[in-house]
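# Overview (structure and organization)
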Amino acid sequence: MKKTIDIISVGEVLIDFIGHEVNATIDQTKNYHRFLGGSPTNVAVNAARLGLKSVLVATCGQDGLGDYIIRKLEKNKVITSQIQRTIDYPTSVIFVSKSTSTPEFIAYRQADCQISTSQLSTELLENAKIFHTTCFALSKNPARETIIESAKKANSLGLQTSIDINFSEKIWPNREEAKLVLKEYLSTNPLVKLSDDDCFRLFDEVKSEEYIFDYFHQLGAKTICLTKGKVGVVLSDSTIGIIRQKANLVKDIKDTTGAGDAFWTGFLYAQLTEKNLDETITIAQKMAILKLQNLGGLPEGIDVKEYLNKN
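These lines cover the structure that appears in this document, whether it is placed above or below. (Residues numbered from 1 in each chain as written. Predicted model: local features only at pLDDT ≥ 70, side-chain atom pairs only at ≥ 80, totals over all residues. Heavy atoms only, no water.)

### Description of the overall build of the chain
In plain terms, the rule: Helix numbers and strand numbers start at the N terminus; a helix is a DSSP run of H or I with at least 4 residues, a strand a run of E with at least 2. We take the radius of gyration over the C-alpha atoms and set the globule estimate at 2.2 Å times the residue count to the 0.38 power. Residue exposure (1.4 Å probe, protein chains only): buried if accessible area is under 20% of the type maximum, exposed if over 50%, otherwise partly exposed.
Assigned secondary structure in the chain consists of eleven helices and 13 strands. Relative to its length of 311 residues, the chain is compact, with a C-alpha radius of gyration of 18 Å against a globular reference of 19 Å. Considered along the principal axes of its C-alpha atoms, the chain spans approximately 50 × 45 × 40 Å. Every one of the 311 residues in the chain was classed for burial, and the buried ones make up 56%.

### Regarding the pattern of salt bridges
Applied cut-off: By definition, a salt bridge exists where a carboxyl oxygen of Asp or Glu is found within 4 Å of a side-chain nitrogen of Lys or Arg.
Per the stated rule, a full pass over the model turns up 15 salt bridges. With its nearest N and O atoms 2.6 Å apart, the salt bridge here joins K152 to E184. In this pair, K152 is assigned in helix α5 (residues 143-156) and E184 in helix α6 (residues 175-186), connecting sequence segments 32 residues apart. Note that R201 is salt-bridged to D198, the shortest N-O span being 2.9 Å. With R201 and D198 both in helix α7 (residues 196-203) and three residues apart, the pair spans about one turn of that helix. Judged by its relative accessible area of 22%, R201 is partly exposed. Here the salt bridges do not stand alone but share partners, grouping D196, E209, K228 and R244 into one network.

### Some remarks on the nonpolar core
Counted only if it meets this: By nonpolar core we mean a set of buried residues, namely Ala, Val, Leu, Ile, Met, Phe, Trp, Tyr and Cys, connected to one another through side-chain atoms within 4.5 Å.
Residues I8, F131, L138, I165, L186, L194 and F216 are the most contacted members of the largest nonpolar core, which totals 43 residues. A259, Y269, I281 and I283 belong to the second largest nonpolar core, which has 33 residues in total.

### Points about unusual backbone geometry
Between N141 and P142 the backbone carries a cis peptide bond, its omega angle lying at 5 degrees. Looking at the secondary structure, you find P142 in the loop between α4 (135-138) and α5. With a phi close to 65 degrees, K77 is a non-glycine residue in the positive phi region. Look at D204: it is not a glycine, yet its phi comes out positive at around 60 degrees. Tracing the backbone shows D204 in the loop between α7 and α8 (209-218).

### Focus on helix α10 (residues 277-292)
Just so we agree on the cut-off: One less than the residue count of a helix, multiplied by 1.5 Å, gives the span that helix is expected to have. Each polar contact in these results corresponds to two N or O atoms within 3.5 Å; when the atoms are within protein, one needs to be able to donate a hydrogen and the other to accept it, and residues that are neighboring in sequence are counted only if both atoms are side-chain atoms.
Between the first and last C-alpha of α10 there are 22 Å, a value that for 16 residues agrees with the 22 Å anticipated at 1.5 Å per step. Counting buried residues in α10 gives 13 out of 16 residues, a clear majority hidden from the surface. Structurally, the start of α10 carries an N-cap: the backbone nitrogen of D278 is 3.1 Å from a side-chain oxygen of N276.

### Observations regarding the packing of aromatic side chains
The condition that has to hold: Side-chain rings of Phe, Tyr and Trp (the six-membered ring for Trp) are treated as a pair once their centres are within 6.5 Å; stacked means planes under 30 degrees apart, edge-to-face means over 60, and tilted covers the remaining angles. The criterion for a charge sitting over a ring is simple: Lys NZ or Arg CZ within 6 Å of the ring centre, and within 35 degrees of the ring normal.
In total, this model carries ten aromatic pairs according to the counting rule given. Ring centres 4.3 Å apart and planes at 15 degrees place the aromatic pair W264 and F267 in the stacked group. Taken together, the positions of W264 and F267, both in helix α9 (residues 259-272) and three residues apart, correspond to about one turn of that helix. One aromatic cluster in this structure is built from F17, Y32, F95 and Y108. The ring of F105 has K170 sitting right over it, with the charged end atom 4.3 Å from the ring centre.

Written out as structure tokens, the structure reads:
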């Protein structure tokens, strides 16, 4: 059976209101600009910009912000057939400080976690190659139960699962519950992306690379990619071993929000195009750099695939 979908991205769709003033706290920020947001949403949009067929499975409100979301997704050629609109909850929004490091945020969550199994049919899963989600998406029901059940089904159908462990105690206060849910998802052997910041928040202390890799390998993940900001990237694969890449120097960082999503889209794209893991990290880093130099999403009017293919 020929698969017609490259990536199913499941989870939060929302509006990011990103501060206008650089490195100001939310308290100090006077003006905000509106952007399409949510980590799985960013991955779906970025994937479509790379010419991949990406489906976003998400829920937003039957309101003006929801209209904006659908319009922006369709403009970016994301398949929106699995997005549910609800009159019971307004579209979720997040206020984010504009930062050259890790931004501050306040989340107002409503419709984003109302994801149901009716949005993830067996036919949809059978037609896809990768099933991707995030820790944020798993933090609340009914989305959590829907995603876990669908990921297990996807795994049984031969899809490669994927997760960005973008853990935040502000989104998911119960760390022990989060670890149990992650254990369930990691039993599907997903490609795992996480950052130093994510690990610090999840374990509530600094852990060594060895501890982090052992922890997630033992839960069932074969390939784990740890991003370390300006230091670079370390990947642990249970077959190949450890791969390290230094970070490329980025001049004039405009906005860090979504850089991890750009990185991971590049990673998944490279895996779909059968690149080795070293090449995969290189492509992922190039995607992150493109995002860091632009406010909001990837820059308009650029052929992203062509950019990645340049030396």
